[in-house]
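What follows is the residue order along each chain.
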Amino acid sequence: SNIVVGGGTGFIGRMLCNKLQTKGYGVTVVSRMPGANRLSWDELKQNGLPDGTKAVVNLAGQNVMDMSRRWTAGFKQNVYFSRVNTTKTLACLIDAAPAKPEAFVTISGVGIYKPDCDKEYTEESETKPYDFFSDLCKDWEAAAQFERTDTREQCRIVTIRSGVVLGKDGGMIKQMYLPFYLGLGGPIGDGKQYMPWIHLCDITNLIIHAIECSTVKGVLNGVAPQPCTNMDFTKAFGKALYRPTLIPVPKMAMNCLLNKERAIMITEGQKVLPKKTLSTGFEFQYPDIESACKQVVSTHQ
Ligand code: NDP
């Protein structure tokens, strides 16, 4: 059977597609760039979902932390529409498909939970938009909902609210590797802010779990069960690389470099627990930050 993966060319998507193929699934990637086993978004809209589609996953989205892009109104629009519109397109295609896939798995962010020093958030916690990213997450999750009742009955929607994904060759680690390797890494501000995270291996396994486990639906927090702070991460990553992490990076510097609205992702944080994820029987391979950092570094060398 076939799995359609929007944004399957990206950091998470590449590993997901490899794993799906190893498990014997056919994979159709939806991409803006042509290629083998790929469809463009326009082709997909014209032809509908391929026959025999068992599940649809959406991982498309303009990279928010692309440091080469200034945080302008235009860039923010790209960030927003690349997620909301692709998700809506896939939801409409599932609505229009004569034979429904079993699952629609979409990703969202822990930024939907307001940063707070005391609160612990689970999938049941109430969410109330408070900034650009929480608005985006709300609209992104809403875009996945189906219009038709029969689709709602036949196709499970699973929304994975992901923390920072740690893996080599992409995401945050790719950006932090060099300064940490040079011994220039350090906590951001006082480092006390929580940093919800998940290893690349676990997020891809969780997406497959969501596809295959017929009882899983609704929101799942895609975060490791052992929450850590920015300081815990900094120490673990420095230790894995045998490098000191003494030089703190002032929050102000991050705000100037990235724009305050975007920097909130690293200058502030929330304590998020994968309560429902664990209750569905999902097992993490990297539950703690030390083992995750060791793995990320070992494959780098
Ligand atoms: P990537 O930055 O690797 O991008 C994923 C894919 O999105 C790209 O390969 C690209 O595919 C597609 N894309 C990029 N820009 C656009 C655009 N403007 N319009 C349409 N498609 C676009 O993302 P990740 O793999 O790191 O993350 C996947 C999803 O998970 C994203 O939506 C991200 O927000 C979310 N997420 C990621 C986290 C992380 O730490 N990595 C944390 C929390 C959530 P192509 O060029 O083939 O069209």
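The text that follows walks through the structure, step by step, so that each part is easy to find.

Scoring rules and cut-offs
Residues numbered from 1 in each chain as written. Predicted model: local features only at pLDDT ≥ 70, side-chain atom pairs only at ≥ 80, totals over all residues. Heavy atoms only, no water. Pairing = 2+ DSSP bridges. Helix = DSSP H or I, 4+ residues; strand = E, 2+ residues; numbered from the N terminus. Near = heavy atom within 4 Å. Polar contact = N/O pair within 3.5 Å; in protein donor to acceptor, adjacent residues only side chain to side chain. Areas by Shrake-Rupley, 256 points an atom, 1.4 Å probe, with all protein chains shown as cover. Nonpolar A, V, L, I, M, F, W, Y, C, P; charged D, E, K, R; others polar. Axes fitted to C-alpha atoms, helices over the stretch in contact; angles between N-to-C directions. Left-handed = near helix turned anticlockwise from the far one by under 90°. Contact = heavy atoms within 4.5 Å. Buried < 20%, exposed > 50% of the residue type's maximum accessible area, 1.4 Å probe, protein only. Core = buried A, V, L, I, M, F, W, Y, C linked by side-chain atoms within 4.5 Å.

**So, the sheet that holds strand β1 (residues 2-6)**
- Judged by pairing direction, the sheet is parallel, and its 7 strands sit side by side in the order β3-β2-β1-β4-β5-β7-β10 without closing on themselves. Edge positions in the open sheet fall to β3 (38-39) and β10 (218-222), since each of these has one partner strand only.
- Of the pairings in the sheet, the one linking strand β2 (residues 26-30) to β3 comprises 2 bridges and is parallel in character. Bridge pairing in β3 places V30 opposite L39.

**Structural notes on the site of the ligand**
- Residues in close proximity to the ligand total 20 residues, the closest being T9, S31, R32, R83 and V165.
- Take Q62: an N or O atom from its side chain is 3.1 Å from a nitrogen atom of the ligand.
- In isolation the ligand has 890 Å² of accessible area, and contact with the protein removes 81% of it.
- At the level of secondary structure, the elements contributing two or more residues to the shell around the ligand comprise α1 (11-22), α3 (73-96) and β8 (164-166).
- Of the residues contributing to the shell around the ligand, the split by class is 8 nonpolar, 10 polar and 2 charged.

**Brief notes about the packing of helix α6 (residues 171-181) against helix α8 (residues 230-240)**
- In contact at an axis separation of 11 Å, α6 and α8 are set at 65 degrees when each is read in the N-to-C sense. Here α6 and α8 pass one another in a crossing that is right-handed. Contacts between α6 and α8 involve M172, I173, M176, Y177 and F180 on the former and, on the latter, F233, T234, F237 and G238.

**Focus: unusual backbone geometry**
- For N37, which is not glycine, the phi dihedral falls at a positive 55 degrees.
- Looking at the secondary structure, you find N37 in the loop between β2 and β3.
- N37 gets classed as exposed once you look at its relative accessible area, which sits at 58%.
- Unusually for a residue other than glycine, N259 sits at a positive phi of about 85 degrees.
- Using a relative accessible area of 31% as the deciding quantity, one classes N259 as partly exposed.

**Considering the nonpolar core**
- Ranked by size, the top nonpolar core spans 49 residues in total, and within it V5, I12, L20, V57, V105, I203 and I207 carry the most contacts.
- At 7 residues, helix α7 (residues 200-212) tops the list of elements feeding residues into this core.
- Those residues in contact with I203 that sit more than four places away from it in its chain are I12, I107, I160, S162, V165 and I198.
- By size, the runner-up hydrophobic cluster in this structure holds 28 residues, among which are I188, M195, F233 and A240.

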